[in-house]
Amino acid sequence: MASTSYPPEDPTDYANASRGLIASLEPCVIYSDSDPTRVIWDNDSFNFLAEECPSDLVNPSLWRQSQLCQKQGLFEVQPGIYQVRGLDLSNITFVECPNTKGVAVIDPLTCVETARQALGLYQAQFPDRTIKALIYTHSHVDHFGGAQAIVDAAGKGLQVYAPNGFLEHAVSENVYAGNAMGRRAVYMYGESLPRQLDGQVGCGLGLTASTGLSGLIPPTTIINRTGEKIIVDGDLEIECQFTPGTEAPAEMNLYFPQYNALCMAENATHTLHNIQTLRGALVRDARVWAKYLDEAIVRYGKDSDVVFSSHHWPTWGKENVNDFLAKQRDLYAYMHNETLRLLNTGQTGIEIAEHFRLPPSLNSTWSARGYYGSLSHNVKAIYNRYMGWFDGNPAHLWEHPPVASAERYVKCMGGVQKVIDLAKQFTDEGDLRFAATLLNHAVYADQNNAQARSALASVYTKLGCGAENGTWRNFYLTGARELNPQNKPQGSQLANSAELLMALDLEQLFDTIAINVDGPKAWSQSFTIDFMIMDMSKGWHLNLSNGAVTGHEIEYRGPSNATDASFTIWLTHMDLASLIAGDRKNLDGLTTAGDVTCWETLASLLTAPDPAFAIVTPRAISG
């Protein structure tokens with residue numbers, strides 16, 4: 001896991017990460033709005049990074065990256081462009097109109113609390129500025145979740161811009177599979193790990209994610225194509241580069257011709273990024289990612305004096321900007337092309353990843369290192385994008401699930417104790433990977449075996465301490481922590497509030513009902529419900545049959561007009577969101593018609609997923 005060689009040390013990144021510092025947040029600790037005793041961000045807890053790297057506990061390359069990511073405060077990118085970094089996983093950027101007092105805000109962090117503090121740092125230096133526009137570069141929560149803080153400060157008339165597909169993908173990633181992604185995010189960002197030398201030291205893209213109140217303010221204007229322009233306060237000109245299918249399904253870069261400055265959203269950062277994240281997400285397209293990076297160089301490279309992103313620190317100077325972008329382009333292109341070449345020789349994803357190497361020119365570049373995405377899991381993701389989960393070997397077509405498979409392997413090897421003894425031999429030989437495989441079988445065959453759990457935790461700890469990739473480290477160390485029965489698994493702090501659900505369209509709202517119905521329990525049920533959303537003047541017909549919930553939009557009818565549905569409910573948009581979020585427990589006070597037991601039956605069929613389901617030990621499997 002540990003890299004055997006690193007690029008030669010270069011002080012440029014340290015200089016750039018500190019360049020332009022105007023003010024810091026002291027202390028850099030932020031508390032929850034809902035619970036003033038709960039810390040939702042603590043940059044100061046990473047102050048141990050100032051120490052010399054303990055190489056037996058942390059990969060030195062990851063240590064270097066985390067030191068750079070800890071720099072916090074308000075920074076001048078150049079006069080008129082300012083960033084707050086180190087107050088969340090992501091950055092928030094303020095771009096001033098050259099001739100007016102207007103300001104465009106780019107990417108308002110993950111939560112309201114951190115966004116408000118970041119805005120305060122900026123406004124303390126520039127109190128006469130007025131927020132005129134909010135721009136989302138893409139559909140990940142750390143780039144829109146704190147928007148309410150900006151809306152509150154801006155008042156009426158705020159224009160909100162986003163790339164086409166933003167709402168759809170923000171919803172599908174944070175709501176549809178939100179519980180599973182949230183649980184795995186606990187592992188990816190090391191949320192349950194102590195911030196200390198043998199614990200959480202960062203995730204490569206930043207330190208970690210904040211855990212405050214997130215929301216979603218819908219955009220007022222959608223950007224559909226490259227070359228489309230945003231004009232802020234009649235003064236600031238922004239040219240958009242539409243880049244769908246790159247780091248996010250809906251994403252755009254921004255060019256500021258009045259400043260000769262280029263914002264690369266999250267398409268070019270100081271790390272190899274993810275083609276598929278370990279928390280789970282759609283597989284990204286490395287081929288189009290490289291093409292859009294090339295387009296950015298062609299369109300803007302010759303004029304850009306600085307490039308900045310919504311993570312990490314800027315790069316200054318035309319030659320440096322173009323070198324940085326070119327290496328990022330070649331990084332994704334090489335991964336894609338070489339994986340496809342090897343794939344077409346019959347090699348599978350795991351085989352390709354085992355021997356995949358970057359060209360020396362890229363491998364010796366700090367910004368191409370695998371701090372957040374790794375070559376190993378990215379190559380497997382590219383394989384999966386083209387070929388799917390099946391590698392073509394019939395033996396893998398119908399394998400036993402983990403517990404059943406583990407029980408059989410352990411039986412063949414002579415029992416759990418024999419497996420533990422074999423794992424120790426491989427551990428002593430330095431083959432931690434196979435030791436982890438053996439001990440994982442032992443734990444899944446007998447999860448109450450304290451010796452097996454302890455041995456696996458020890459192996460995971462060694463693997464984590466050697467990892468250059470921050471998310472791999474967090475996964476291994478969180479897995480080790482949760483193998484200790486005294487440590488209760490932790491679920492995600494982010495939940496779907498009624499306010500967040502209000503940003504969904506009707507189809508998305510009712511999809512959230514459909515995916516939470518217990519299918520087998522619903523097999524014998526058959527009825528329809530019409531929902532009449534009064535303040536939207538829209539209706540939705542929900543059908544439950546054969547265990548599946550389906551539906552479509554229908555014409556709105558008032559309470560005096562009967563429908564053909566088994567049951568009809570008249571309610572507001574917020575009532576509907578509150579019912580789905582679970583904030584509203586019944587239909588009291590609402591107008592209804594027909595058989596109310598239809599709603600009661602539907603409500604009884606809705607499941608509440610466990611936000612802290614098991615990952616490193618067997619899960620309870622339902623049919």
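Per-chain numbering applies: the sequence of each chain, read as written, is numbered from 1 onward. pLDDT decides what is reported in this predicted model: residues at 70 or higher carry local features, side-chain atom pairs at 80 or more are listed and counted, and totals for whole chains, interfaces and linings draw on all residues regardless. To get the side-chain values, take all heavy atoms of the structure and skip hydrogens and water.

(A) How the structure looks around the domain arrangement of the protein chain. Those domain boundaries reflect an automatic or database domain assignment. According to the domain assignment, the protein chain consists of domain 1 (11-349), domain 2 (396-483) and domain 3 (505-605). Each of domain 2 and domain 3 has a C-alpha centre, and these two points are 46 Å apart.

(B) Structural context of the packing of helix α15 (residues 450-466) against helix α16 (residues 470-482). For helices, the axis comes from a line fit to the C-alpha atoms of the stretch in contact; other axes are also lines fit to C-alpha atoms, and the angle between any two N-to-C directions lies between 0 and 180 degrees. Secondary structure elements follow DSSP: runs of H or I no shorter than four residues count as helices, runs of E no shorter than two count as strands, and numbering proceeds from the N terminus. One way to put it is that α15 packs onto α16 with a least axis distance of 8 Å and a crossing angle of 160°. Relative to α16, the element α15 is oriented roughly antiparallel. Where α15 crosses over α16, the two elements pack in a sense that is left-handed. On α16, the residues touching Arg 453, Ala 457, Tyr 460, Thr 461, Leu 463, Gly 464 and Cys 465 of α15 are Arg 473, Tyr 476, Leu 477, Gly 479, Ala 480 and Glu 482. Residues are grouped as follows: nonpolar covers Ala, Val, Leu, Ile, Met, Phe, Trp, Tyr, Cys and Pro; charged covers Asp, Glu, Lys and Arg; every other residue, Gly included, is treated as polar. The residue inventory of the contact of α15 with α16, partitioned by class, reads seven nonpolar, three polar and three charged. Any angle between 65 and 115 degrees counts as roughly perpendicular, while under 35 counts as roughly parallel, over 145 as roughly antiparallel, and the rest as oblique. Here is the rule for handedness: rotate from the far helix to the near one, and if that takes an anticlockwise turn smaller than a right angle the crossing is left-handed, while a clockwise turn gives right-handed. We call two residues in contact whenever any of their non-hydrogen atoms come within 4.5 Å of each other.

(C) Inspection of a nonpolar patch on the surface at higher detail. Patch members must show over 30% relative accessible area and no salt bridge, and they are joined within 9 Å when carrying like charges or within 5 Å when they are nonpolar side chains of Val, Leu, Ile, Met, Phe, Trp or Tyr. The method behind every accessible area is Shrake-Rupley, applied with a 1.4 Å probe, and residues are considered shielded solely by the protein chains displayed. Think of a salt bridge as a Lys or Arg side-chain nitrogen and an Asp or Glu carboxyl oxygen that are within 4 Å of each other. A contiguous nonpolar patch, built from Trp 389, Leu 397 and Trp 398 and spanning about 520 Å² of accessible area, is present on the exposed surface. Structurally, Trp 398 is set in the loop between α11 (375-387) and α12 (402-413).

(D) Spotlight on helix α4 (residues 147-154). Turning to α4, its buried residues are Ala 147, Ala 149, Ile 150 and Ala 154. The buried residues of α4 occupy an angular sector of 160° when the element is viewed end-on, so they sit on one face. As for α4, its buried residues are in contact with β6 (92-96), β7 (102-106), α3 (112-125) and β8 (130-135). Residue Gly 155 follows α4 closely and has a positive phi angle near 80°. The buried label goes to any residue with under 20% of its type's maximum accessible area, the exposed label to any with over 50%, and the partly exposed label to all in between, with areas taken from a 1.4 Å probe on protein chains only. Along the arc lie the directions from the helix axis toward the C-beta atoms.

(E) Highlighting the packing of aromatic side chains. Any Phe, Tyr or Trp ring, taking Trp's six-membered ring, that has another such ring centre within 6.5 Å forms a pair; planes under 30 degrees apart are called stacked, those over 60 apart edge-to-face, and the others tilted. On inspection of all chains with the given rule, the structure shows 20 aromatic pairs. Residues Phe 46 and Phe 48 carry aromatic rings whose centres are separated by 6.3 Å and whose planes lie at 35° to one another, so their mutual orientation is tilted. Phe 48 matches Phe 46 in its accessibility class, with the two residues each being buried. The interplanar angle of 5° and the centroid separation of 4.4 Å between the aromatic rings of Phe 94 and Tyr 122 together place this pair among those described as stacked. Within this pair, whereas Phe 94 is found in strand β6, its partner Tyr 122 is found in helix α3, the two being separated by 28 residues in sequence. Residue classification places Tyr 122 among the buried residues on the basis of a relative accessible area of 2%. Members of the aromatic cluster, joined through ring pairs, are Tyr 82, Phe 94, Tyr 122 and Phe 126. Cation placement over rings: the criterion is NZ of Lys or CZ of Arg within 6 Å of the ring centroid and within 35° of the ring normal. Sitting above the plane of the Phe 75 ring, Arg 85 keeps its charged end 3.9 Å from the centroid.

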